[in-house]
Amino acid sequence: AAVRMPFEFVSHVALGESAEQLAFTRFARFYMAWFHYEGGMQNQIWVGAPGSSKQITNVDGTNEFPVWVGDSIAFVNENKAKFTLMSVPAAGGKTKALGTQSSFEIRELDSDGTRIIYEKGHKLEVFDPVANKATEIQFDLQSDMIHTRPYLVPAERHATQPSLSPNAKRVFAESRGQIISLPVGEGEARVWKSLAGVRLRNPVMSKDGKSVAYFSD
């Protein structure tokens, strides 16, 4: 049967080897702006069991994402926008840093009981506490990448910034970075100017019909 735990606030609960071993933080702040936060909702790490709980850290900054690693609790400490992987004995005691500080955010810890995996910036790392070494995970995501394939786009749907020629027989316009010359009525549409990797826009024909001014980025 479900047992109601005697905790007023609980966030990020990690189960130990038994369902009665819990490590947790109290406030659900980890998706907020937690950089440089020094208010009353700074998280410390707690451990608990049915009927009892205690705070086991008193570390400057805020502490998130506790996980069990053997008889210790690993977590992330953020202090003055520096992120440090740390650990503390589950029974309480001295905290220690694992690895080095990072300017990149460390988050979403998980563990198999011996190693710790986490996000660091836009990468994934595995930390081995025995070797005191972090290793970046290298992987390739296989994808059809359909949105990177070349495909035809109807130019007329994207024609903008029209400029009429002095004799009113042609119109210059931009379409997806190209300057095109269009007939007024029947006739041939032509690409007047196109440069790979460059957007041409706002074409304006001169009054004598001999030149066209435009912007290029």
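Preceding block: the structure.
Residues numbered from 1 in each chain as written. Predicted model: local features only at pLDDT ≥ 70, side-chain atom pairs only at ≥ 80, totals over all residues. Heavy atoms only, no water.

Engineer: An account of the overall build of the protein chain is requested, with residue identities and associated values reported.
Structural biologist: Looking only at helices and strands, the protein chain features zero helices and 18 strands. Here the C-alpha radius of gyration of the protein chain, 30 Å, is well above what a compact globule of 217 residues would show, namely 17 Å. The buried share of the protein chain, taken over its 217 residues, is 32%. Contacts in the protein chain between residues at least 24 apart in sequence constitute 30% of all its contacts with a sequence separation of at least 6. Carbon together with sulfur atoms contributes 52% to the accessible area of the protein chain, which is approximately 14200 Å² in total. (Helix = DSSP H or I, 4+ residues; strand = E, 2+ residues; numbered from the N terminus. Rg over C-alpha atoms; globule rule 2.2 N^0.38 Å. Buried < 20%, exposed > 50% of the residue type's maximum accessible area, 1.4 Å probe, protein only. Contact = heavy atoms within 4.5 Å. Areas by Shrake-Rupley, 256 points an atom, 1.4 Å probe, with all protein chains shown as cover.)

Engineer: Describe the sheet that holds strand E14 (residues 170-175), naming the residues involved and giving the relevant values.
Structural biologist: The antiparallel open sheet is built from four strands, whose spatial order is E13-E14-E15-E16. Both edges of this open sheet fall to strand E13 (159-164) and strand E16 (190-193), since each of them pairs with a single strand only. Put simply, the sheet's adjacent strands are angled 35° from each other on average, direction ignored. Bridge count for E14 against strand E15 (residues 178-183) is six bridges, and the pairing is antiparallel. Within E15, the residue paired with Ala 173 across the bridge is Ile 180. (Pairing = 2+ DSSP bridges. Axes fitted to C-alpha atoms, helices over the stretch in contact; angles between N-to-C directions.)

Engineer: Explain the pairing of strand E9 (residues 106-111) to me, using residue names and the numbers behind them.
Structural biologist: If a strand is regular, its side chains alternate between the two faces of the sheet. With four bridges connecting them, E9 and strand E10 (residues 116-120) associate as antiparallel partners. Bridge pairing in E10 places Arg 107 opposite Glu 119. Here E9 folds back onto E10 in antiparallel fashion, the turn holding four residues, of which Gly 113 has a positive phi close to 100°.

Engineer: I'd love a proper account of the nonpolar core, names of residues and values included.
Structural biologist: Core analysis: the biggest nonpolar cluster contains 13 residues, and Val 76, Leu 85, Leu 109, Ile 116 and Tyr 118 have the highest contact counts within it. For this core, the secondary structure elements donating two or more residues are strand E5 (62-69), strand E6 (72-79), strand E7 (82-89), E9 and E10. The leading source of residues in this core is E5, at three residues. Grouped together as the second largest cluster of nonpolar side chains are 12 residues, Ala 14, Ile 45, Trp 68 and Ala 90 included. (Core = buried A, V, L, I, M, F, W, Y, C linked by side-chain atoms within 4.5 Å.)

Engineer: Let's hear about the packing of aromatic side chains: which residues, and what values?
Structural biologist: Two aromatic rings, taken as a pair, are described by how far apart their centres are and by the angle between their planes. Scanning all chains against the criterion turns up three aromatic pairs. Plain terms: the ring middles of Phe 24 and Trp 46 are 6.4 Å apart, the flat faces sit at 25° to each other, and that makes the pair stacked. Here Phe 24 is found in strand E2 (residues 22-25), whereas its partner Trp 46 is found in strand E3 (residues 46-49), with 22 residues between them in sequence. For Phe 24, a relative accessible area of 2% gives the class buried. For the ring pair Trp 192 and Tyr 214, a centre distance of 6.0 Å and an interplane angle of 80° mean the geometry is edge-to-face. Taken together, the residues span a long stretch of sequence, with Trp 192 in strand E16 and Tyr 214 in strand E18 (residues 212-216) at a distance of 22 residues. Among the aromatic residues, ring-to-ring pairing joins Phe 172, Trp 192 and Tyr 214 into one connected group. (Phe/Tyr/Trp six-rings, centres within 6.5 Å; stacked < 30°, edge-to-face > 60°.)

Engineer: I'd like a description of the sheet that holds E9, backed by residues and values.
Structural biologist: Overall, antiparallel pairing links the four strands, which are arranged E9-E10-E11-E12 in an open sheet. Here the strands that pair on one side only, and so sit at the sheet edges, are E9 and strand E12 (133-136). Looking at each pair of strands side by side, their axes are set apart by 25° on average, direction ignored.

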